[in-house]
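Coordinates in review
Spelled out from the first residue to the last, the chains are:
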Amino acid sequence: MAKLKLVHRCSDCGTSFPKWSGRCLSCGAWNSLVEDVEGPDESHATLAAGLALVPPGEATPIGDVSSHESDPVPTGIGELDRVLGGGLVPGSVTLLGGEPGIGKSTLLLQLLAGATGPSLYVTAEESAQQVRLRADRLGAVSPSLWLLPEMSMPNIIAAIDKISPSLVVIDSIQTVVDPELGSAPGSVVQVRGCAHRLVQEAKRRNVSIVIVGHVTKEGGLAGPRVLEHVVDTVLSFEGERHNALRLLRASKHRFGANNELGLFEMTETGLQGVPDASQLFLTDRRTGVPGSVVVPTIEGQRPLLVELQTLTNPVNSGVPARRSAQGVDHGRLSMLLAVLERRARVSLAAHEVYASVVGGVKLGEPAADLGLCLALVSAITNVPLPADLVVIGEVGLAGEVRQVGHLGQRLNEAARLGFSQAIVPASAPDINVGCTIRRASTLNEALALAGLTTNG
Ligand code: TYD
Ligand code: MG
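None of these values were measured; they are calculated from a predicted model.

The rules behind each value
- Residues numbered from 1 in each chain as written.
- Chains lettered and ligands numbered in written order.
- Predicted model: local features only at pLDDT ≥ 70, side-chain atom pairs only at ≥ 80, totals over all residues.
- Heavy atoms only, no water.
- Near = heavy atom within 4 Å.
- Polar contact = N/O pair within 3.5 Å; in protein donor to acceptor, adjacent residues only side chain to side chain.
- Areas by Shrake-Rupley, 256 points an atom, 1.4 Å probe, with all protein chains shown as cover.
- Disulfide = S-S within 2.5 Å.
- Pairing = 2+ DSSP bridges.
- Helix = DSSP H or I, 4+ residues; strand = E, 2+ residues; numbered from the N terminus.
- Axes fitted to C-alpha atoms, helices over the stretch in contact; angles between N-to-C directions.
- Contact = heavy atoms within 4.5 Å.
- Domains from an automatic or database assignment.
- Buried area = accessible area lost by both parts, 1.4 Å probe.
- Salt bridge = Lys/Arg side-chain N within 4 Å of Asp/Glu carboxyl O.
- Nonpolar A, V, L, I, M, F, W, Y, C, P; charged D, E, K, R; others polar.

1. Examining the site of ligand 1
For ligand 1, the set of nearby residues contains 16 residues, the closest of which are G101, K104, S105, T106 and T267. Contact between ligand 1 and G101: an oxygen atom at 2.6 Å from a main-chain N or O atom of the residue. A distance of 2.8 Å separates a nitrogen atom of ligand 1 from a polar atom in the backbone of T267. In isolation ligand 1 exposes 560 Å². Once the protein is present, 74% of that is buried.

So, in structure tokens, the structure goes:
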């Protein structure tokens, strides 16, 4: 047996060092070095073993290269296909990340059961019985779905050889081990080595492989960042535990646009796609409450109406007042508070400020600025905004209301859900939709249009 030595390995770039330090000397990441073991010539052996699997490459004129191999195959799960731009590409490797209990195994079991041709579920975390019980509940006991409770890579490869599946799921990459690599399961060496091996197998056999990856407390994918580089697609599954809504996003996708959002609801019988997301987000909305506003946002290609809530609460002067933002960028909230103070004379310095987007959605775009400002003024003045109003616009440092993209789509969605008036940037193009358009060129004009008066 080869002698192992202790090294300190960067969990971001994978470089190993004999000594620990606070910063990786190779990629510059802070606090990323973790203890690991390494065989004397482990990297060479792994590389040689990996290369032996790949047929020798041959240069071909680009016009002769077939582009048909990369046609996606629909998975039958509409919301997943939306995010993947049509389906899974044969020979591709997809990494699905998400917090424990969010529903990764559930989604993949549903995916496997609906696959055309044999599919293989490698469960390295749960027992076959546990998976069977879940499959019963999900109606996923398909005759072409094979179950393999296994952690060892060679045995997994042997099963792929035997069954020749068109789809393989590895649940999870942190619990599988390749004994050749000599390091502990979940270590950087193992995670990276196993992922490389799976990518080679996927390409060689033209089989789609989906790998489950756990996320760390900080929300990043556990294991080296190289994992994200070696796979074709990185999906993240998000949501709040106490809420049934689940959001699926692609942070990397080699085969198409990567900004589509998939929406699911966790039900008694598994994950169900949510075709009308705006409707769902507004179900529990209470109208006539100060501090609340409805904002039409764009997620991927589709418009989504979300409720943005704010709450302000006076605090004793002298202590810095708390600012809390959920689903809204903290820096953006601070900036808008400053703009409100300077341009509209609304001071929230002596108030705690809470802003939250209902349903676990993250409002990343500046188009929500004006809505957030109006909600904040509504909260502090205790005057509710009209129940049938939506607000769209970016707010600049001068207090001006700036244009945003996809205005037609946003307004059509608002009209479809029965909103009859919209405050939009004055510079917006003429638009014919089923709701009354009110134009504002400044924050103060918008406040007046919304029936909010300030002493500014
Ligand atoms: P799971 O898929 O095991 O999550 P992960 O693999 O990401 O850790 O999801 C587990 C949760 O989902 C668990 O809290 C129970 C819930 N659940 C349902 O609500 N309905 C169902 O039909 C299933 C299978 C799970
Ligand atoms: Mg799981």
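2. Overview of the state of the cysteines
In a disulfide, the sulfur atoms of two cysteines are held together by a covalent bond. Overall, the coordinates contain 0 disulfides when judged by the stated rule. Considering cysteine sulfurs only, C10 is the nearest to C194, which forms no disulfide, with 19 Å between them.

3. Notes on the sheet that holds strand β11 (residues 261–267)
What the 9 strands build is an open sheet, ordered β6-β5-β7-β8-β4-β9-β10-β11-β12; its pairing is mixed. The open sheet has two edge strands, β6 (145–148) and β12 (270–273), and neither has a second partner. Going across the sheet, the axis of each strand differs from the next one's by a mean of 25°, ignoring polarity. Inspection of the sheet shows strand β10 (residues 245–253) paired to β11 by 5 bridges, in the antiparallel sense.

4. Concerning the environment of V177
Take V177: it is sitting in the loop between β7 (167–171) and α6 (188–205). Taking the C-alpha atoms as reference points, V177 and M151, separated by 26 residues in sequence, lie 6.0 Å from one another. Ignoring anything within four residues of it in the chain, the contact list for V177 reads M151, S152, M153, P154, P185, Q190 and C194.

5. A look at the domain arrangement of the protein chain
Considered domain by domain, the protein chain is made up of domain 1 (1–40), domain 2 (73–274) and domain 3 (280–449). A separation of 38 Å is found between the C-alpha centroids of domain 2 and domain 3. For the pair domain 2 and domain 3, the summed buried area comes to about 1,100 Å², and 49% of that belongs to carbon and sulfur atoms. The largest per-residue losses of area from domain 2 upon contact with domain 3 belong to L245, E260 and L261, which jointly make up 32% of the total buried on that side. Our count for the contact surface shared by domain 2 and domain 3 stands at 3 salt bridges. Measuring nitrogen to oxygen at the nearest pair gives 3.0 Å for the salt bridge that ties R302 to E79. Broken down by secondary-structure element, the contributors of at least two residues to the side of domain 2 that touches domain 3 are α2 (78–84), β10 and β11. Of the residues that constitute the side of domain 2 that touches domain 3, the class distribution is 5 nonpolar, 3 polar and 7 charged.

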